[in-house]
Amino acid sequence: MRNYFIRRLLLLIPTIVGITIVVVGLVRLLPGDAVDAFADEYRGTAEQIEEVKAELRAQLGLDRSFPEQWADWFWNLLQGDLGYSFHGRERTVWEDIRERIPVTFELGILAMIVGLVVAMPVGIYSAVRQDTAGDYMARGIAILFLAVPSFWLAILVISIVFPRLGLPPLPIVYRSPTEDLIENLRQMYVPAIVLGVSLAGPVMRLTRAQMLEVLRQDYIRTARAKGLREQSVINGHALRNALIPVITLIGLQVGIVIGGSVIMETIFVLPGMGKRMITALQSRDTPVVLGIMFCIAIVVVAANLIVDVTYSMVDPRIRYQ
């Protein structure tokens, strides 16, 4: 197990290298750069503006080639330095991101909890009650969750559902859980539910499919023939053997949660990494974009590592050597 963990941690290096190269390349393909945003505020002749742009590019290191810029950033990363934002040299990129990580983590964890609480029981019930009215209803709900875009559902809830039900508007100013837990949950529960609903659809369908496959196996018929209670057969035998693909899907959904947090944080005015990513891309703030993508890569790799460890906990036959 220890050797397996070491190998997985070493694989983090080429993963980070590949992600950062792709991200920097895509940012460079976008029209304009950070200097253009600064130059828009400058008034002068065309020659003077070009001189200012050249000086700014030299100060920010944007006059160098793509490999030189990336190599400089990666060398600083190895020393624990994510650099400074192009639009504020008084704070480091890490200081900027550190304040936003808890917001995105809280939203993601709450959304995952909502998705699993909805998907797992409904998927199990749908498989156990196959071809009943409840099964058809559950399958329809799963397809609905897959089809409805999360941003549309969020706007619908804010503009129609809340006024129709007479509910108070969501708070605009973000409050951390340590500052005001009740106010924090008031602002977080709607985006968490909306994002969790979009995650519940695929988990619900896969849980049902895997449970149906397992319930047809010979050992399930043997367990029932031995006189075990149906609840013990479902929870103790069928569910554990059906969980491996479901756990894999849950690990893959970490990336979907991060992508959905960009939309939710923008709509619900949450100061998380997703909203900061949007502003950084708009201003071509490459150090901030790279810093956020580095944190996301760490989270995704860690989630996949946790998924692999969970396999051995669910199925004792799985061992890592």
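Here the structure is a predicted model, which means the values were calculated and not measured. (Residues numbered from 1 in each chain as written. Predicted model: local features only at pLDDT ≥ 70, side-chain atom pairs only at ≥ 80, totals over all residues. Heavy atoms only, no water.)

**Quick notes on the overall build of the chain**
Step number 1: Scanning the chain from terminus to terminus reveals 14 helices and two strands.
Step number 2: The buried share of the chain, taken over its 321 residues, is 40%.
Step number 3: Nonlocal contacts in the chain, meaning residues at least 24 apart in sequence, comprise 72% of its contacts between residues at least 6 apart.
Step number 4: Taken as a whole, the chain presents about 17,800 Å² of accessible surface, with 65% of it coming from carbon and sulfur. (Helix = DSSP H or I, 4+ residues; strand = E, 2+ residues; numbered from the N terminus. Buried < 20%, exposed > 50% of the residue type's maximum accessible area, 1.4 Å probe, protein only. Contact = heavy atoms within 4.5 Å. Areas by Shrake-Rupley, 256 points an atom, 1.4 Å probe, with all protein chains shown as cover.)

**Regarding unusual backbone geometry**
Step number 1: Notably, Asp131 is not glycine yet its phi reads approximately 65°, a positive angle.
Step number 2: As for its placement among the helices and strands, Asp131 is situated in the loop between α7 (101–128) and α8 (133–147).
Step number 3: Judged by relative accessible area, Asp131 falls into the partly exposed class, the value being 48%.

**Comments concerning a nonpolar patch on the surface**
Step number 1: A cluster of nonpolar side chains, Phe105, Ile109, Ile113 and Val117, forms an exposed patch at the surface whose accessible area comes to about 380 Å².
Step number 2: The topology assignment puts Phe105 in helix α7.
Step number 3: Residue classification places Phe105 among the partly exposed residues on the basis of a relative accessible area of 39%. (Patch = residues over 30% accessible without salt bridge, like charges linked within 9 Å, V, L, I, M, F, W, Y side chains within 5 Å. Salt bridge = Lys/Arg side-chain N within 4 Å of Asp/Glu carboxyl O.)

**With respect to a negative patch on the surface**
Step number 1: On the surface, Glu47, Glu50, Glu51 and Glu55 cluster together into a negatively charged patch.
Step number 2: Mapped onto the elements, Glu50 comes out in helix α4 (residues 46–60).
Step number 3: In this structure Glu50 comes out as partly exposed when scored by relative accessible area, which is 48%. (Lys, Arg positive; Asp, Glu negative; His and termini not counted. Charge placed at Lys NZ, Arg CZ, Asp CG, Glu CD.)

**Here's the deal with the environment of Thr20**
Step number 1: Position of Thr20 relative to the elements: it lies in helix α2 (residues 12–29).
Step number 2: Between the alpha carbons of Thr20 and Gly291 there is a distance of 9.2 Å; along the sequence they are 271 residues apart.
Step number 3: Setting aside its immediate chain neighbours within four residues, Thr20 contacts Trp70, Trp73 and Leu290.

**A word on the pattern of salt bridges**
Step number 1: Scanning the entire structure with this criterion turns up 10 salt bridges.
Step number 2: The salt bridge involving Arg221 is made with Asp218; its shortest N-O contact spans 2.2 Å. Note that Arg221 and Asp218 are positioned in helix α11 (residues 218–225) at a spacing of three residues, about one turn of the helix.
Step number 3: Judged by relative accessible area, which is 46%, Arg221 ranks as partly exposed.

**Details of the environment of Asp72**
Step number 1: Among the structural elements, Asp72 can be located in helix α5 (residues 66–78).
Step number 2: Given the relative accessible area of 33%, Asp72 is considered partly exposed.
Step number 3: When the C-alpha atoms of Asp72 and Gly61 are compared, they prove to be 9.6 Å apart, with 11 residues separating the residues in sequence.

**With respect to the packing of helix α12 (residues 230–267) against helix α14 (residues 286–314)**
Step number 1: Running from N to C, α12 and α14 cross one another at 175°; their axes reach a closest spacing of 10 Å. On the basis of their axis angle, the class for α12 and α14 is roughly antiparallel. In this structure, α12 uses Arg240, Leu243, Ile244, Ile247, Thr248, Gly251, Val254 and Ile258 to contact α14, whose residues at the interface are Ile296, Val299, Val300, Ala303, Val307, Thr310, Tyr311, Met313 and Val314.
Step number 2: Across the contact of α12 with α14, the residue classes break down as 13 nonpolar, three polar and one charged. (Axes fitted to C-alpha atoms, helices over the stretch in contact; angles between N-to-C directions. Parallel < 35°, antiparallel > 145°, perpendicular 65-115°, else oblique. Nonpolar A, V, L, I, M, F, W, Y, C, P; charged D, E, K, R; others polar.)

**Some details on the confidence of the model for the chain**
Step number 1: Of the residues in the chain, 89% have a pLDDT of 70 or more, and the chain-wide mean is 81.
Step number 2: Within the chain, α7 carries the highest mean pLDDT (90), whereas helix α3 (residues 34–39) carries the lowest (66). (pLDDT = per-residue confidence, 0-100.)

**Topic: α5**
Step number 1: The terminal C-alpha atoms of α5, which comprises 13 residues, lie 19 Å apart, in line with the 18 Å expected from a rise of 1.5 Å per residue.
Step number 2: Tucked into the core, α5 has its buried residues touching α2 and α14.
Step number 3: Phi turns positive one or two residues past the end of α5, at Gly80, with a value near 80°. (Expected span 1.5 Å × (residues − 1).)

**A few points about helix α13 (residues 273–282)**
Step number 1: For α13, the set of buried residues is Met273, Gly274, Arg276, Met277 and Ala280. Down the axis of α13, the smallest arc covering the buried residues is 155°, so these residues share one side.
Step number 2: Just downstream of α13 lies Arg284, where phi reads positive at about 55°. (Arc of directions from axis to C-beta.)

**Overview of the packing of α8 against helix α10 (residues 181–215)**
Step number 1: Closest axis-to-axis distance for the α8/α10 pair is 7 Å, and the angle between their directions is 135°. Judged by the angle between their axes, α8 and α10 are oblique. Where α8 crosses over α10, the handedness of that crossing is left-handed. Taking contact as the criterion, the partners of Asp135, Ala138, Arg139, Ala142, Ile143, Phe145 and Leu146 in α8 are, on α10, Val197, Ser198, Ala200, Gly201, Pro202, Met204, Arg205 and Arg208. (Left-handed = near helix turned anticlockwise from the far one by under 90°.)

**Looking at the side chain of Arg276**
Step number 1: Secondary-structure assignment places Arg276 in helix α13.
Step number 2: Setting aside residues no more than four positions away along its own chain, Arg276 makes contact with Ser85, Asp96, Arg100, Asp285, Val288 and Ile292.

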